[in-house]
Amino acid sequence: MRVLAIGDIMGKAGRQAVGHFLPSLRERFNPDAVLVNGENAAGGFGLTEKIYDQLTNQLGVDCVTMGNHWSDKREFIRFAEQADRIVLPANMMNVNDPAKGVRVITTKSGKQLAVMNIIGKTFMHADNLSPFAHLEKMLNLIPQSVKVRVLDIHAEATSEKQGVAQHLAGRVSLIYGTHSHVPTADERILGGRTGFITDVGMTGPYDSVIGIRKEAAIKRLMTGEKKNFQPASRDRWLCAVVADMDEDDGRCVSIQRLRLEVPEHDVPDRSNDGPEEKDD
Ligand SMILES: [Fe+2]
Ligand SMILES: [Fe+2]
């Protein structure tokens, strides 16, 4: 089974990058399942029903994992209860439910895989619960017949992501990090069984500070004042991994990192200083 996992989609620029590249990625890799991290897809903060619908029904995304921004759009909290392709960070303080962090999906090709989402504690909200304890409960919720098990670990610290991955090595097929919005070049297979990368990287505007307009981000770093925190628009990249798993035993046999840049002439709005993005 081949999975294409796309890192944090940041605002309109991120969604444009997905729309630009996904058709050709489907042709090139023919993935059984496409997973995206959608925590920043709506204006950089959270997700809306409309954008969820665009991702799943229009672009054919099989599952949307989330992160610390999952509840930024208030109306999305209720919608997430019924959306059948959302996976929430199970151990986040405002989720705290192993069942919400794991979902077994059946792909269009009729194959089954489990998708999990967990969040870190280090340099994150102090009230998040232990990812280790929640993961044991989440793994117990997956039927034995489902061998391909994929985890989006949404965490700040590279050490925490690697610690969780090494702890789970051999029991999960693929573990990929999200949240830092910076791709790491350490994709590998742990113990001959578990594909891993510390962070897939943001799918969004890299002429920015982790996706936010650089002027506002620099001002906040210099003065502490948080104002005009809006997604940037230029230098759009799609960052993803493609992994192949053996359906009989869940073993990862290959993991490949992708970083694709949207050609600049395709950028509709070249200004980083225009009006605020209205995209949800
Ligand atoms: Fe993010
Ligand atoms: Fe995040």
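Just so we're clear, the structure is a prediction, and the values are computed from it rather than from any experiment.

### Looking at the packing of aromatic side chains
Stage number 1. Going through the model one piece at a time under the given rule, you end up with three aromatic pairs.
Stage number 2. Ring centres of Tyr52 and Phe79 lie 5.2 Å apart, and the angle between their planes is 75°; on these two criteria the pair is classed as edge-to-face. A residue pair is termed long-range when its members are at least 10 positions apart, and Tyr52 in helix α2 (residues 49–58) and Phe79 in helix α3 (residues 74–82) qualify at 27 residues.
Stage number 3. Take Tyr52: its relative accessible area is 7%, and that puts it in the buried class.
Stage number 4. Taking the centre distance of 5.7 Å and the plane angle of 55° together, the rings of Phe76 and Phe79 count as tilted. Of this pair, Phe76 and Phe79 both sit in helix α3, three residues apart, which is roughly one turn of the helix.

### Quick word on the nonpolar core
Stage number 1. Judged by nonpolar contacts, the single largest core of 57 residues is most densely connected at Leu4, Ile6, Leu47, Ile86, Leu151 and Leu238.
Stage number 2. In terms of residues, this core owes the most to one element, helix α1 (residues 11–29), which gives six residues.
Stage number 3. Core analysis: the second largest hydrophobic core is formed by 30 residues, Met10, Val150, Trp237 and Val241 among them.

### A look at the coordination of the iron ion (ligand 2)
Stage number 1. Donor atoms from the polypeptide that coordinate the iron ion (ligand 2) comprise Glu39 (OE), Asn68 (OD1), His154 (NE2) and His179 (ND1), at 2.1 to 2.2 Å from the metal.
Stage number 2. Relative to the metal, the four donor atoms surrounding the iron ion (ligand 2) lie at angles of 87 to 144°, and the coordination shape comes out irregular.
Stage number 3. In the primary sequence, the donor residues of the iron ion (ligand 2) line up as E-x28-N-x85-H-x24-H.
Stage number 4. In this model, the iron ion (ligand 2) sits 3.4 Å from the iron ion (ligand 1), the two metals being bridged by Glu39. You can see Glu39 sitting in the loop between β2 (33–37) and α2 and its partner Asn68 sitting in the loop between β3 (63–65) and α3, a full 29 residues away along the chain.
Stage number 5. Judged by its relative accessible area of 0%, Glu39 falls in the buried class.
Stage number 6. For Asn68, a relative accessible area of 23% translates into the label partly exposed.

### Focus: unusual backbone geometry
Stage number 1. With a phi angle near 45°, Asn96 is a residue other than glycine that sits in the positive phi range.
Stage number 2. Inspection of the secondary structure assignment puts Asn96 in the loop between β4 (86–87) and β5 (102–106).
Stage number 3. By relative accessible area, Asn96 is classed as partly exposed at 42%.
Stage number 4. The phi dihedral of His181 falls on the positive side, at around 65°, and the residue is not glycine.

### So, the coordination of the iron ion (ligand 1)
Stage number 1. Ligation of the iron ion (ligand 1) by protein atoms is provided by Asp8 (OD), Glu39 (OE), Asn40 (OD1) and His181 (NE2), these donors lying 2.0 to 2.2 Å from the ion.
Stage number 2. In this structure, the iron ion (ligand 1) is coordinated by four donor atoms arranged in irregular fashion, with angles at the metal of 86 to 162°.
Stage number 3. Of note, the iron ion (ligand 1) draws all its donor residues from one chain, in the sequence arrangement D-x30-E-N-x140-H.

### As for the packing of helix α4 (residues 131–140) against helix α5 (residues 158–168)
Stage number 1. At their nearest, the axes of α4 and α5 sit 11 Å apart, and the two run at 40° to each other. As summarised for this structure, α4 and α5 are arranged oblique, according to the angle between their axes. α4 and α5 meet at a crossing whose hand is right-handed. Residues Pro131, Phe132, Leu135, Glu136 and Leu139 of α4 lie in contact with α5, whose contacting residues are Glu160, Gly163, Val164, His167 and Leu168.

### Some points on the pairing of strand β1 (residues 2–6)
Stage number 1. Taken across its five residues, β1 has four buried, putting it largely inside the fold.
Stage number 2. Bridge count for β1 against strand β12 (residues 236–245) is five bridges, and the pairing is antiparallel. Each bridged residue has a counterpart across the sheet, and for Arg2 the counterpart in β12 is Asp244.
Stage number 3. The sheet contact formed by β1 and β2 spans four bridges and is parallel. Of the residues in β2, the one forming a bridge with Val3 is Ala33.
Stage number 4. What joins β1 to β2 is α1, and the crossover it makes is right-handed.

Rules and cut-offs
Residues take numbers from 1 onward in each chain, read along the sequence in its written order. For this description, chains carry letters from A and ligands carry numbers from 1, given in the order in which they are written. Thresholds applied to this predicted model are a pLDDT of at least 70 for local features of residues and 80 or more for the giving and counting of side-chain atom pairs; totals over whole chains, interfaces and linings are not thresholded and use all residues. Heavy atoms from the whole structure form the basis of all side-chain values; hydrogens and water molecules are not counted. Here a Phe, Tyr or Trp ring, Trp counted by its six-membered ring, pairs with any other such ring whose centre lies within 6.5 Å, and the pair is stacked when the planes are under 30 degrees apart, edge-to-face when over 60, and tilted otherwise. A run of DSSP states H or I qualifies as a helix once it reaches four residues; a run of E qualifies as a strand once it reaches two. Both are numbered from the N-terminal end. Burial classes: relative accessible area under 20% of the type maximum marks a residue as buried, over 50% as exposed, and values in between as partly exposed (1.4 Å probe, protein chains only). Take the buried residues of types Ala, Val, Leu, Ile, Met, Phe, Trp, Tyr and Cys, join any two whose side-chain atoms come within 4.5 Å, and each joined set is a nonpolar core. Metal donors: N, O and S atoms at distances within 2.8 Å, or within 3.2 Å for Na, K and Ca, with water omitted from the atom set so that some sites may seem incomplete. Geometry assignment treats four donors as tetrahedral when all angles are between 85 and 135 degrees, treats four as square planar and six as octahedral when opposite donors are over 155 degrees apart and all others between 65 and 115, and treats everything else as irregular. A fitted line through C-alpha atoms represents every axis, and for helices the fit uses only the stretch in contact; the resulting angles, taken between N-to-C directions, go from 0 to 180 degrees. Roughly parallel covers angles under 35 degrees, roughly antiparallel covers those over 145, roughly perpendicular covers 65 to 115, and oblique covers all other angles. For any helix crossing, the convention is left-handed if the near helix is rotated counterclockwise from the far helix by under a right angle, and right-handed if that rotation is clockwise. The contact criterion used is simple: two residues touch if any of their non-hydrogen atoms lie within 4.5 Å. The rule for pairing is simple: two strands pair if DSSP sees at least two bridges between them. Place the viewer so that the strands point away; then a crossover is right-handed whenever the path from the first strand over the helix to the second strand goes clockwise.

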